[in-house]
4 protein chains.
Amino acid sequence: MKYKMKKLPRTPFDGDAVHEECGVFGIYLPEGAAVSPAHEAYTALFALQHRGQEACGIAVCNKGVIRCHKDVGLVNDVFDEKTLESMQGNMAIGHVRYSTTGQPSRENAQPLAITHVKGNLAVAHNGNLVNASELRRKMEMGGGIFRSTSDTEALVYTIVRKRLITPSIEAAVVEAMKEIIGAYSIVVMSPRKLIAARDPRGMRPLCMGKRAEDGAVIFASESCALDALGAEFVRDIEPGEVVVVEDGNVRSIDSGIHEKTAACVFEYIYFARPDSVIDGASVEEARQEAGRYLCEEHPVEADVVIGVPDSGIPAAIGYAKYSGIPYGVGLIKNRYIGRTFIQPGQDKRERSVRLKLNALRRAVEGKRVVMVDDSIVRGTTVGRLVKLIRDAGAKEVHMRISAPPFRYPCFFGTDIPDSDQLLAHNHTVEEMREIIGVDSLGFLSVEAANKIAVGARCTFCDACFTGVYPMPVPESVEKNMFEMELSE
Amino acid sequence: MKYKMKKLPRTPFDGDAVHEECGVFGIYLPEGAAVSPAHEAYTALFALQHRGQEACGIAVCNKGVIRCHKDVGLVNDVFDEKTLESMQGNMAIGHVRYSTTGQPSRENAQPLAITHVKGNLAVAHNGNLVNASELRRKMEMGGGIFRSTSDTEALVYTIVRKRLITPSIEAAVVEAMKEIIGAYSIVVMSPRKLIAARDPRGMRPLCMGKRAEDGAVIFASESCALDALGAEFVRDIEPGEVVVVEDGNVRSIDSGIHEKTAACVFEYIYFARPDSVIDGASVEEARQEAGRYLCEEHPVEADVVIGVPDSGIPAAIGYAKYSGIPYGVGLIKNRYIGRTFIQPGQDKRERSVRLKLNALRRAVEGKRVVMVDDSIVRGTTVGRLVKLIRDAGAKEVHMRISAPPFRYPCFFGTDIPDSDQLLAHNHTVEEMREIIGVDSLGFLSVEAANKIAVGARCTFCDACFTGVYPMPVPESVEKNMFEMELSE
Amino acid sequence: MKYKMKKLPRTPFDGDAVHEECGVFGIYLPEGAAVSPAHEAYTALFALQHRGQEACGIAVCNKGVIRCHKDVGLVNDVFDEKTLESMQGNMAIGHVRYSTTGQPSRENAQPLAITHVKGNLAVAHNGNLVNASELRRKMEMGGGIFRSTSDTEALVYTIVRKRLITPSIEAAVVEAMKEIIGAYSIVVMSPRKLIAARDPRGMRPLCMGKRAEDGAVIFASESCALDALGAEFVRDIEPGEVVVVEDGNVRSIDSGIHEKTAACVFEYIYFARPDSVIDGASVEEARQEAGRYLCEEHPVEADVVIGVPDSGIPAAIGYAKYSGIPYGVGLIKNRYIGRTFIQPGQDKRERSVRLKLNALRRAVEGKRVVMVDDSIVRGTTVGRLVKLIRDAGAKEVHMRISAPPFRYPCFFGTDIPDSDQLLAHNHTVEEMREIIGVDSLGFLSVEAANKIAVGARCTFCDACFTGVYPMPVPESVEKNMFEMELSE
Amino acid sequence: MKYKMKKLPRTPFDGDAVHEECGVFGIYLPEGAAVSPAHEAYTALFALQHRGQEACGIAVCNKGVIRCHKDVGLVNDVFDEKTLESMQGNMAIGHVRYSTTGQPSRENAQPLAITHVKGNLAVAHNGNLVNASELRRKMEMGGGIFRSTSDTEALVYTIVRKRLITPSIEAAVVEAMKEIIGAYSIVVMSPRKLIAARDPRGMRPLCMGKRAEDGAVIFASESCALDALGAEFVRDIEPGEVVVVEDGNVRSIDSGIHEKTAACVFEYIYFARPDSVIDGASVEEARQEAGRYLCEEHPVEADVVIGVPDSGIPAAIGYAKYSGIPYGVGLIKNRYIGRTFIQPGQDKRERSVRLKLNALRRAVEGKRVVMVDDSIVRGTTVGRLVKLIRDAGAKEVHMRISAPPFRYPCFFGTDIPDSDQLLAHNHTVEEMREIIGVDSLGFLSVEAANKIAVGARCTFCDACFTGVYPMPVPESVEKNMFEMELSE
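Residues numbered from 1 in each chain as written. Chains lettered and ligands numbered in written order. Predicted model: local features only at pLDDT ≥ 70, side-chain atom pairs only at ≥ 80, totals over all residues. Heavy atoms only, no water.

**Q** Please clarify how the pattern of salt bridges should be interpreted in this entry.
**A** Pairing of side chains with opposite charge becomes possible as their charged atoms draw close. For the structure shown, the criterion picks out 142 salt bridges over all chains. In this structure, the salt-bridge partner of E153 of chain B is R147 of chain A, at a minimum N-O distance of 3.3 Å. Placement of the pair is E153 of chain B in helix α5 (residues 151-163) and R147 of chain A in the loop between α4 (132-141) and α5 (151-163), with the two residues belonging to separate chains. Taken individually, E153 of chain B and R147 of chain A each receive the classification buried, so the pair is uniform in this respect. E365 of chain A is paired through a salt bridge with R361 of chain A; the nearest N and O atoms lie 3.0 Å apart. Overall, the relative accessible area of 41% leaves E365 of chain A in the partly exposed class. The structure contains a network of salt bridges with shared partners spanning D310, K333 and R335 of chain A together with D310, K333 and R335 of chain C. (Salt bridge = Lys/Arg side-chain N within 4 Å of Asp/Glu carboxyl O. Helix = DSSP H or I, 4+ residues; strand = E, 2+ residues; numbered from the N terminus. Buried < 20%, exposed > 50% of the residue type's maximum accessible area, 1.4 Å probe, protein only.)

Here's what the structure looks like:
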């Protein structure tokens, strides 16, 4: 069954998104392991850093005592040797959090470590719940207090309440899964167990690995974290599955909740790292496939195909390969521009683009250029890139976008700018073409988007392009539902 | 009625204490005030900084939206201009927290800002609850989760649960006061109200002030914070009283809970700033009185009276005045030694003392010296000071301590080292005298300690000296009752 | 004429180098310019950051007063808004400095700002002098003192001494150029003039640009800095040329010193940014050319060509294009690994490589792979990369290096590890092939290296490959010639 | 012979001064010492921190290699464990620098470490040269360059030039002393020697100590640094003396330059730490003497004598003792207010005073108060203090200043605000009394100021009070003689 929104929130959306993604990680070390779980988590979070740069954290469990360290900032900023050394134990979970609009909040950093009537617990969560407000309201009616605005606190409360009426933490997780609705991949650490669970639709990725040399069991949002630790990929966590590691043994529990799978297609287009394999499909390959479909759907005669670094590159290579037009490097990215670049008084955005990306004159001068990127948001950035390429002497510029324009809000982890800021909002593709100043403009079709993940063992959620949701969604998007800014 | 512990926790205590004190603050600005509440709180926390150097925080309320900033560190470290500027509004509360053993935890920093079913709330708390574990357990049984190990979270939970069955936040505070047992001075901020409350025994100080120039209403742990803001002292909050500021009007509510007052005598001896007036008694005067009683109880023939800076100075002046022996400056304190002094490999503590305090040879050479300090913990520091003074040529050293030796644990806000680390544990006064190497040693009597706060309108708690508690206390001291270190 | 070293310093060198490169910048703003020179320098240094990450600095001139700010760290770390705002004026020069072995020294940061008998001066310098020791000795014999170990201080001393006997600062620069020997591109700022000069062999790059919108005159090590400021490339500074900007007018002075040009070929192979054009040749194009020549000289039958990010990519693309073997992405670089990655106790280097670069299994599995990189130093890193690719299923691995093995020390700005640490030191190419575990190994020929810079208007220095130097060089390499570490 | 200024610089001065003082230190460890010289210097600089809070630094010598670390900030900020650990050796010198107006400059931080023709050298200097400009000019005429605006660079240049024509570094120091004119206490470290020297008038303090336990030889500005290291005071360095430590042996050299001693009387009144003994006189005792003379010269009937913390306290104690009026604590200083207190928009200075110092009502209410401070600058601070005391209920306030009003510029290390900012500039004592709002006002007489240092073996410089200088002084005060701000 498919669901449509009854009432469009604000206005339909399209264009680029600012994504509220996260990455999760968990490791269970066998007795006598030579490594510390905090160091392993630290390394893994580096490999997952692309999934979230706002905040990060690690919780370790040492003989039942949980110790958690987290803060706003990159993994590199938040952890130092001394902190890692102080975090001994046999299990760890970790989390990286994406930068959304507004100022980064320490309160929303994860893992969330708490005590409850049966002991203590730490949870790391990737995804968004559709009924978080409802759950929250319910807890509050019973006297519950909330210290953050994140869905995760409601999720933890639900697990803890279920724990009161179930014999084990894993049973509580299964019961909680019957109440929480939405997208979630979670890693839970109790004094003796490490648990991973994935929502019944498998909307967010989550996989399991094992390291041959010491028998460590590892959970991670993406397989690239396994590679970083020298572990082997075992399998993806199944939609609706709960995996428990206890006394070094791995058990699988079927929550019994099953829905048609609805994996997020944007993981392949933009979020995930190209060297990851998600639900059986290679991300790099999916991006090259997107380039191939783009070429099929929007062919053009040209002299060179260039990609906008970094995420446009694989689709550009795919387009080039399939079209036979040579692939070239047309834009150079400055790797040193961080978040804190100080703008002079005037023409800020223009300079910022010019500093971040520079055209390679020799590659485009006098040529008909196909430029591939993964999305268009306000159109200003892409417009300046087009100008850069034209100023460098390109005769023609043909823009190809390796995703469909997305027009509907995501309730499962994507934070989209207000529609009135989006170029695609009130413009046809032809109007957009004119505004950004290109000779032709082509988006990937929704059909193609559903086919790029070659070999994937699941069906996809394309609601952001189509407005057809895999579950009932709220009638309106409440952004700041709680009148409190918690910015410790 | 007085209570005694049925079972002595670990072992009886005596000697110096590491105190788990805090300072609280609140301000309500009338409409159109020219100042920002965050700046006022910042200034006030500077004046209260001596009550806690581990962590601090400020929460402001702007049209119902609460914004909170807190962290480990001194006021100076935690706040900068930009942060203060971003905290506009008409109310603020603030908190400074003392450094206890273990590594400072951000989770335990205050104010605690939360959302609940009726809106949001911020609370700052000074004191310790005797039944925090019990309250906590009760909440947990209903599915409550805890993110810190502080009593304050249990206190806030209690208020929030009472709010479900009462018509207002102040009524909820009154109801909560019927359940929480112990020492507490709290400041509560809801979207429209600022509330101050003090436990029925008045164990911790809390006063109210008003600023003539703009009508601001102010609550603070000590009157010195009112002075810093140019406000006038109005009165102390009464034991068991709840004061509400709403729409600029101040209302007093009698909680109806009344007990025999039991103000902490250590506030006068050590905690509070000498320029504060608490419950009608001047702290400086109380310390000089302690010196006077010391002289009465332990007179000696000598040539000079010196104090150990800073807290031993007033008692030394009192001793000198009453005895007629000249007061002199015998020890100079280095004002630049902070917490982070890097010790060389050897003789660390000895050097540390020598660097912190230096003897003034001319003041003590060839003289019989009375040296006054406020407490003895392990005895090592005082032993080194005695050596310093003797090395500088003192003929005799007579040590006088401006408090009784304390022998029992405090359940109301004092964290005492394990008894086996305390010099007084298994030693008589005469043995102590010998160990620290002085010619005579005298402590203040318990009777005198109860009389030093001249003009105070209350009776005192002297349980740490006598073991007679003003309320039933737990049978054992559970230190790390929750197996979780929350050190975000 | 060519020169050979009479005595080989230590041992002949080969393998990868740690380069002691720098970047310089200067800007002269016309009266009434809307921008601040410090902000412009800041932006330009971001574009030049790849030339040096150890330290950076900016000096501005405001009505004859020079103000300088510099420190160890990236541009982003060293400058904040407040500092930039405090640096007003009409001229600025800037510098970025490479990280060499040893701990970064603030004393060696540039620009070097000094006062002398005729006023003040600031200098930024890229390159190495062959006779710095000699010049230094000469100054010291006259009572001169040195506060750093950099060549730049000797250079500045020389200019200042010449200033005593010449009528202008530009004349002093010309006279100094007659005494200093080596590689240098310098930017000099006096109270009223901005001067750029390049050594007679043009060993280090230096170009000039102009911004149409406001007439600003700009000097920079690479053209990419001009692009970042929205300025147009005017021309390279000629070898032996001195360019003076005064009262907004640009004058060229021929120093009269001319030698056969000897531009550093490593700028094209490794140092420079691919989007820069140096002495008429595109860097990106040169790298692709290197790939083309590699293919010509070391062809192989294979299924895919991959590059080691980032600097191996263009040569890989060139190899692919010329050979007809498809180009693929086989290694993914983690962009978040900075310098401060904390290693766990064991297998540090191995993990570090695995975290920095990950193989893309789908791209190489079952394939014969050509892997292109720009150099081999110790061979350990490349060995682990080969293992990564093999573990990912590659059937064959053919390594191609886009530079000749270099075997001789560079006296003009390249700091090479001790030869005994270099794989190529005592090994033939065949032995190296075996050690790093590849099926074939090919280096670019010296002849080809001299041809890759297509369109360049100069001849090159290839001394590091051949031992044939463009000028007499010292008989021995004195590393720590001054027994002082100046690490303020 | 005495000298008067021919032309008054700007205008005559009086009132409080912002002093440009410094502290110096040196240590020579015998072979096999168990401690590191950097740790010892670090400890000593803590003890000397009151002499300078702007910047500090340490240079160590390890087998002839000098390593220097310095920066703006307190000792605590500039040094961490890692830095100290990296500074091994057998000698160290150290320096603390006072905060003057303008932004603190890293370039002017000391020690100054340089290389010259005979090797390397590090110098720490306290004092001011009268002929620094002249010396500087001379060096510049020979091609010298300067990287700072401090006298110290000229001093070092002079030593280095003398070294060219003398057989040893100590001989060079002696020869340099014949050229440099002014106040200086210096510590010089060459690869094998540690040298201390004091100007022929002994204007700045410098003493020598020895540690019994390991034979370390120590030089320091004040004896309190010897105490901090557990060393014994040996003697003051004589005016015009040069002391050399070489191979563990101490030699004294008489420079042959002798003048009438002119020790700075302000060391006793304000600069030095009370526990130091300088030239045979105790600083604390001198301050109490100042109080005694004040009482003699300006007696008054009163009920209590209070001091303005910290420097006014000893004089108040002296006044009380001699007059028989009880000494009391009337003002409490907040120890947590550092430099970075963020002021709200309005009434900044007033609040700042109120926050820094608070009146103790009980001590002054209804009383006639004698308030003792060490100086009056603009009169605003003292005016607010008087208001504080009056607001606290004082019936009368009698101000006593423990120094004469100073009316002439100091050329030997005191930086005085412009005279138009000084209260005393155009006002008589009676007018000043009225402005600051006291019942009576009395300054110490010049005669008394010359007598306070009981037991001192020297005569004093009182030029700042009298305009009679111990040597010819420049005709005008050139403040920013070099048009360069060197603020790296």
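From this point on, the discussion continues.
**Q** I would appreciate a short explanation of the state of the cysteines in the present structure.
**A** Each disulfide is one covalent bond, formed between the sulfur atoms of two cysteines. Residue and element names in this part refer to chain A. Overall, the coordinates contain zero disulfides over all chains when judged by the stated rule. The cysteine C264 is free of any disulfide, with C410 supplying the nearest cysteine sulfur at 6.4 Å. On the basis of relative accessibility, which here comes to 14%, the residue C264 falls in the buried class. (Disulfide = S-S within 2.5 Å.)

**Q** Even after reading the chapter, I still don't get the pairing of strand β15 (residues 249-254) of chain B, so can you show me in this structure?
**A** Consecutive side chains of a regular strand alternate in pointing toward one face of the sheet and then the other. Residues and elements named next belong to chain B. Sheet topology note: the strand β14 (residues 241-246)/β15 ladder contains six bridges and is antiparallel. Each residue of the ladder has a partner; that of V243, found in β15, is S252. Joining the antiparallel neighbours β14 and β15 is a turn of two residues, in which D247 adopts a positive phi near 50°. (Pairing = 2+ DSSP bridges.)

**Q** I would appreciate a short explanation of the relation of the copies chain B and chain A in the present structure.
**A** The relation between the two copies of this chain is a rotation about an axis and a shift parallel to it. Take chain B, turn it by 179°, move it 0.2 Å along the axis, and it overlays chain A with an RMSD of 0.1 Å. Taken together, the rotation angle and the small translation identify this as a two-fold axis. When C-alpha positions in chain B are compared against the rotation axis, the closest is assigned to G144 of chain B, at 3.1 Å. Mapped onto chain A, 100% of the interface residues of chain B again fall at the interface, so both copies present the same surface. (Least-squares fit on C-alpha atoms with pLDDT ≥ 70 in both. Contact = heavy atoms within 4.5 Å.)

**Q** In this structure, what is going on with the side chain of S150 of chain C? I would like to understand it.
**A** Residues and elements named next belong to chain C. Structurally, the position occupied by S150 is in the loop between α4 (132-141) and α5 (151-163). Polar side-chain contacts of S150 include one of 3.3 Å to the side chain of S148. In this structure S150 touches N108 and R136, once residues within four positions along its chain are discounted. (Polar contact = N/O pair within 3.5 Å; in protein donor to acceptor, adjacent residues only side chain to side chain.)

**Q** Sorry if this is basic, but what is going on with the interface of chain A and chain C here?
**A** How big an interface is tends to be reported as the loss of accessible area on association of its parts. Listed as interface residues are 54 residues of chain A and, on the opposing side, 56 residues of chain C. The tally of links between chain A and chain C comes to four salt bridges. Across the contact surface, chain A and chain C share 12 residue pairs in polar contact (both at pLDDT 80 or more). When contributions to the side of chain A that touches chain C are tallied by element, the ones reaching two or more residues are α1 (37-48), α3 (81-85), α7 (223-228), β18 (281-282), α9 (283-297), α10 (313-323), α11 (348-356) and β21 (357-359) of chain A. Of all the elements, α1 of chain A adds the most residues to the side of chain A that touches chain C, at six residues.

**Q** Before we go on, may I ask you to explain the relation of the copies chain A and chain C in this structure?
**A** Least-squares fitting of chain A to chain C yields an RMSD of 0.1 Å, with the transformation described by 0.1 Å of translation along the axis and a rotation of 179°. Interface residue correspondence from chain A to chain C reaches 100%, placing this contact among same-surface, isologous pairings.

**Q** Would you mind showing me how to read helix α13 (residues 380-391) of chain D here?
**A** Spacing of three or four residues puts side chains on the same side of an α-helix, whose turn is 3.6 residues. Helix length check: α13 of chain D (12 residues) gives 16 Å between terminal C-alpha atoms against 16 Å at 1.5 Å per residue, within 8%. At the C-terminal side of α13 of chain D, G393 of chain D shows a positive phi close to 105°. (Expected span 1.5 Å × (residues − 1).)

**Q** Teacher, can you tell me more about the packing of α5 of chain C against helix α6 (residues 169-177) of chain C here?
**A** Helices that pack against each other are described as a pair by the angle of their axes relative to one another and the distance between those axes. Residue and element names in this part refer to chain C. Between α5 and α6, whose axes approach to 8 Å, the crossing angle comes to 120°. As judged from the angle between their axes, α5 and α6 are oblique. At the point where α5 passes α6, the crossing takes the right-handed sense. Together, T158, I159, K162 and R163 of α5 and I169, A172, V173, E175 and A176 of α6 make up the contact between the two elements. Here the contact of α5 with α6 is built from residues that sort into five nonpolar, one polar and three charged. (Axes fitted to C-alpha atoms, helices over the stretch in contact; angles between N-to-C directions. Parallel < 35°, antiparallel > 145°, perpendicular 65-115°, else oblique. Left-handed = near helix turned anticlockwise from the far one by under 90°. Nonpolar A, V, L, I, M, F, W, Y, C, P; charged D, E, K, R; others polar.)

Geometric descriptors of this kind do not, in isolation, establish any biological role.
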